[in-house]
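Observations on chain architecture
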Amino acid sequence: MRIREATGKCLKNRAFSLSPVLRGEGWGEGTNCAPCEPRDIATRCPLTLPSPLSTGETVLSASSSTIAYTSSITRKVFNIACTISLVACIAATAFWLRSYSHCDVLIGQHSPRDRYEMTLEFGLLTFEHEDAQRGQVESGWQYFEKSLPRRALRPRGLFGFEFYQGQVRHYVLLPSSRFWGVTMPLWFIAAMFGVLPAIQWGRIHRARIARRRASAGLCAACGYDLRASSGRCPECGLLTV
């Protein structure tokens, strides 16, 4: 709508204030803008007001596109996370079963400079940290690694979770070194990685049931027979097409 059509005045000065309009006053009051003739509106009044309806439709369209794009990105990220979690869950389960017959050393101690150790043994993921070796190590002394597996005779913590401390001797003529360790059951790690795949499987299963019900003329939510109903399910209130 042209400004002339709404107020009968022209606004050529770009440095104008909208406060008169908000107060219900006319355009151009308090400015040096002279009134225009109706025939000069197209040439002398280049400023137009957008239609509220068209503006609202544009905003809604942009909002819908943004929401759809965001949903698509979120769905892709979730699918990638589910795939990674599924692979990790399968790997953790395989290591869990293997740990009862083998001791896999992920991080080993092979010299005095090695202070950390991580192993998979007896269904547990074990992480240990060792203090620095006390005393002076002479040239030619043999370094004795800790025997593996180490937890065959140790009591297990609650559900496999445990924090423990101990001492280990690497040199015959030097004092023992203190260490501390924590354990976590591998079944717990496999269960954590299996949460997202389980959620995804549930969503796929529910969608499959809904499609099967819809093709049979039943309500997708509750399974009510909709062959004698239309518009809305009389059992759960779900809108139907």
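Scroll up to find the structure.
Residues numbered from 1 in each chain as written. Predicted model: local features only at pLDDT ≥ 70, side-chain atom pairs only at ≥ 80, totals over all residues. Heavy atoms only, no water.

Let's talk about the overall build of the protein chain
Per the secondary structure count, the protein chain includes 6 helices and 5 strands. When the helices and strands of the protein chain are listed from N to C terminus, the series reads α-α-α-α-β-β-β-β-β-α-α. Within the protein chain, the proportion of its 241 residues that are buried is 24%. Relative to all contacts within the protein chain whose residues are 6 or more apart in sequence, the contacts with residues 24 or more apart total 51%. Total accessible area on the protein chain stands at roughly 16,600 Å², and carbon and sulfur atoms take up 61% of it. (Helix = DSSP H or I, 4+ residues; strand = E, 2+ residues; numbered from the N terminus. Buried < 20%, exposed > 50% of the residue type's maximum accessible area, 1.4 Å probe, protein only. Contact = heavy atoms within 4.5 Å. Areas by Shrake-Rupley, 256 points an atom, 1.4 Å probe, with all protein chains shown as cover.)

Focus on the packing of aromatic side chains
Applying the stated criterion across every chain yields a total of 8 aromatic pairs. Taken together through their ring pairs, the aromatic side chains of Tyr-116, Phe-127, Phe-163 and Trp-180 make up a single cluster. (Phe/Tyr/Trp six-rings, centres within 6.5 Å; stacked < 30°, edge-to-face > 60°.)

Side note on the sheet that holds strand E5 (residues 177–185)
The antiparallel open sheet is built from 5 strands, whose spatial order is E1-E2-E3-E5-E4. Pairing within the sheet leaves two strands with one partner each, and these edge strands are strand E1 (104–107) and strand E4 (162–168). Adjacent strand axes in the sheet meet at a mean angle of 25°, parallel and antiparallel pairs treated alike. Where E1 and strand E2 (residues 116–121) come together, 3 bridges link them in antiparallel fashion. (Pairing = 2+ DSSP bridges. Axes fitted to C-alpha atoms, helices over the stretch in contact; angles between N-to-C directions.)

Brief notes about the nonpolar core
Listed in full, the 5 residues of the largest apolar core are Ala-92, Leu-120, Leu-186, Ile-189 and Ala-190. For this core, the element with the most residues is helix H5 (residues 186–193), which contributes 3 residues. Those residues in contact with Ile-189 that sit more than four places away from it in its chain are Ala-92, Leu-125 and Met-184. (Core = buried A, V, L, I, M, F, W, Y, C linked by side-chain atoms within 4.5 Å.)

Let's talk about the packing of H5 against helix H6 (residues 195–215)
Interaxial distance between H5 and H6 falls to 4 Å at its minimum, and their mutual angle equals 40°. One finds that H5 runs oblique with respect to H6. Facing Ala-191, Met-192 and Phe-193 of H5, the residues of H6 in contact are Val-195, Leu-196 and Pro-197. Partitioning the contact of H5 with H6 into residue classes produces 6 nonpolar, no polar and no charged. (Parallel < 35°, antiparallel > 145°, perpendicular 65-115°, else oblique. Nonpolar A, V, L, I, M, F, W, Y, C, P; charged D, E, K, R; others polar.)

As for empty space enclosed by the protein
As enumerated under the stated definition, the model contains 1 cavity of 30 Å³ or more in all. The space that makes up the largest cavity amounts to roughly 50 Å³. Looking at the largest cavity, the residues that line it are Ser-111, Pro-112, Asp-114, Arg-115, Glu-130, Asp-131, Gln-133, Tyr-143, His-170 and Tyr-171. Taken together, the residues that form the lining of the largest cavity break down as 3 nonpolar, 3 polar and 4 charged. (1 Å grid on protein atoms, 1.4 Å probe; cavity = no way out; pocket = protein on both sides within 12 Å on 5 of 7 lines; lining within 4 Å. Points joined across faces, edges and corners; volume = space filled by probe spheres on them.)

As for unusual backbone geometry
Leaving glycine aside, a negative phi is the common case for residues, and trans is the common case for peptide bonds. A positive phi angle, near 55°, is found at Phe-122, a position not held by glycine. Its place among the elements puts Phe-122 in the loop between E2 and strand E3 (124–130).

Let's talk about a positive patch on the surface
Side chains of Arg-75, Lys-76, Arg-203 and Arg-206 sit close together on the surface and give a patch of like positive charge. Of all the elements in the fold, those that place two or more residues in the positive patch are helix H4 (52–98) and H6. Residue classification places Arg-75 among the partly exposed positions, given a relative accessible area of 47%. (Patch = residues over 30% accessible without salt bridge, like charges linked within 9 Å, V, L, I, M, F, W, Y side chains within 5 Å. Salt bridge = Lys/Arg side-chain N within 4 Å of Asp/Glu carboxyl O. Lys, Arg positive; Asp, Glu negative; His and termini not counted. Charge placed at Lys NZ, Arg CZ, Asp CG, Glu CD.)

Overview of the side chain of Ser-99
Checked against the element boundaries, Ser-99 lands in the loop between H4 and E1. Not counting chain neighbours up to four residues away, the residues in contact with Ser-99 comprise Leu-120, Glu-121, Phe-122, Gly-123, Leu-124 and Leu-186.

A few points about H5
Think of an α-helix as turning once every 3.6 residues; residues three or four places apart then point the same way. The complete set of buried residues in H5 reads Leu-186, Ile-189 and Ala-190. Considered in projection along H5, the buried side chains sweep an arc of 100° and stay on one side of the axis. (Arc of directions from axis to C-beta.)

Some words on the environment of Cys-222
If you trace the backbone, Cys-222 turns up in the segment after H6. On the accessibility criterion, Cys-222 (34% relative accessible area) is partly exposed. Distance in space between the C-alpha atoms of Cys-222 and Cys-233 is 8.9 Å, their sequence separation being 11 residues.

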